[in-house]
Each structure stands twice: as C-alpha cells, then as structure tokens.
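Given next are the chains, with one letter for each unit.
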Amino acid sequence: MFTPEDGTGLLDANAYLTVEFADNFASDRQVSAWADATQQGKETAIIVVTDYVDARFGGRFNGCKLNSTQRLEFPRNIFGLPEKFKEAVAFYCFLEITGLFIKNTEIDTTGKIIVEKGVKLGNGAIEELSKYATSTQSPWVQYPLIDSMLLNYLNNYQNRVIR
C-alpha cells in the first residue's frame, strides 16, 4: 500500500512524496513522461526511489529521526521533511519513470563492485572479463545535479574515523 510520509514520522510510511507533489513539480518542469504515467506507475516509482534514498544516504543524514518508531529516515529532528529534499526525490522519480534510473552498480558473488564487463575470445573459448572498482569508488551510480541537492542534509563524516 502506498503510504506517503506526512512529516510526523509515520510508522508505516513507504514514500517521501505524494503523487500530487510529484505531479505539480513535474508539471512546472513539463516532464511529460511523468504526466503520461499511470497512478500505479507513479506510486511504484516513488516507493522505489524512497527505498533508494534511504539505502544510499540513510546512514549519513544529519540529525536524528523525528521519532524512534518512524519507518523512513526523514523527517529529521533538525529538518523535518524539507521541500528541497522532496524536490530531489522527485527528480530521481522522473528518471525512474522513464527507465533511466540506475540504482546501483553490479556486484559479483565475492562482493566486488563491477564497473565494466566484457568478453575475450581465445583458444576457441569465450572468457568473461570484469573490471572492478577501486576501494575509493562508490557502488552507487552518481547523479551529480540531483545528488548535490541533498548535500545540505548530509553529514561530512564519510570516510572519517570519529572517536
């Protein structure tokens, strides 16, 4: 069931946006793919993107959850559920509805991040080749414009030891 967060820290919320918010935001920007999508398609896109935002950024948001029983990472005690945050989520949703949203890169069975795949022909056999990420590369596909909209809500302690 589609249950948008209303800013109070709902126990069962699974979406950061209402379809109405995303519809209005898309209309202002003339995002025709969103306008053409079904209600179910829009709700699904919002839920998928909400899961993505929490998985990708959840451990890095400033402040604390508004209450201990809420399901989602937002609202936060110092931000609530800001409009700019919801706008970033909406932009991710527009990518999702068009099929252009890639949530993360492929990870092999050993847990290594695959950044490139190919094949090699030799001695009558086909050999699969994979190029792996370095330890400093993120497993997440980067969307610089949208990602930057979330920077004000993230702590800057990534890759630091806090004692």
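What comes next concerns the included structure.

1. Details of the nonpolar core
Right, so step 1: Trp34, Ile46, Val53, Phe85 and Tyr92 are the most contacted members of the largest nonpolar core, which totals 37 residues.
Right, so step 2: By residue number, the principal contributor to this core is helix α4 (residues 83-98), which donates eight residues.
Right, so step 3: Not counting residues up to four positions away in its chain, the partners in contact with isoleucine 46 are Phe2, Ala15, Tyr16, Leu17, Thr18, Val19, Ala22, Trp34 and Cys93.

2. Some details on a nonpolar patch on the surface
Right, so step 1: Together, Val119, Leu121 and Ile126 line one region of the surface with nonpolar side chains, adding up to about 360 Å² of accessible area.
Right, so step 2: Residue position: leucine 121 is located in strand β2 (residues 113-122).
Right, so step 3: We classify leucine 121 as exposed; its relative accessible area is 68%.

3. Focus on α4
Right, so step 1: For α4, built from 16 residues, the straight-helix expectation of 22 Å at 1.5 Å per residue is met to within 8% by its first-to-last C-alpha distance of 23 Å.
Right, so step 2: Those residues of α4 lying buried are Phe85, Lys86, Glu87, Ala88, Val89, Ala90, Tyr92, Cys93, Phe94, Leu95 and Glu96.
Right, so step 3: Of the surrounding secondary structure, the elements contacted by the buried residues of α4 are α1 (19-28), α2 (32-36), α3 (39-57) and α5 (144-149).
Right, so step 4: Downstream of α4 by a residue or two, glycine 99 has a phi angle that is positive, lying close to 80 degrees.

Definitions and cut-offs
- Residue indices follow the written sequence of each chain, beginning from 1 at its first position.
- At least 70 in pLDDT is required for a residue's local features to be given in this predicted model, at least 80 for side-chain atom pairs to be given and counted, and no such filter applies to totals for whole chains, interfaces and linings, which use all residues.
- Hydrogens and waters are ignored; side-chain quantities use all the structure's heavy atoms.
- Residues belong to one nonpolar core when they are buried, are Ala, Val, Leu, Ile, Met, Phe, Trp, Tyr or Cys, and are joined through side-chain atoms within 4.5 Å.
- When a residue's accessible area, from a 1.4 Å probe over protein chains only, is under 20% of the maximum for its type it is buried; when over 50% it is exposed; and in between it is partly exposed.
- Per the convention used, a helix needs a DSSP run of H or I reaching at least four residues, while a strand needs a run of E reaching at least two, with both numbered from the N terminus.
- When checking whether two residues touch, look at their non-hydrogen atoms; a contact exists if any pair is within 4.5 Å.
- Grouping into patches uses exposed residues only, defined as over 30% relative accessible area, and leaves out salt-bridged ones; the cut-off is 9 Å for like charges and 5 Å for nonpolar side chains (Val, Leu, Ile, Met, Phe, Trp, Tyr).
- Note on areas: these come from Shrake-Rupley sampling with a 1.4 Å probe, and a residue is covered only by the protein chains present in the view.
- What makes a salt bridge here is a side-chain nitrogen of Lys or Arg within 4 Å of a carboxyl oxygen of Asp or Glu, nothing more.
- To estimate the expected span of a helix, count its residues, drop one, and scale the result by 1.5 Å.

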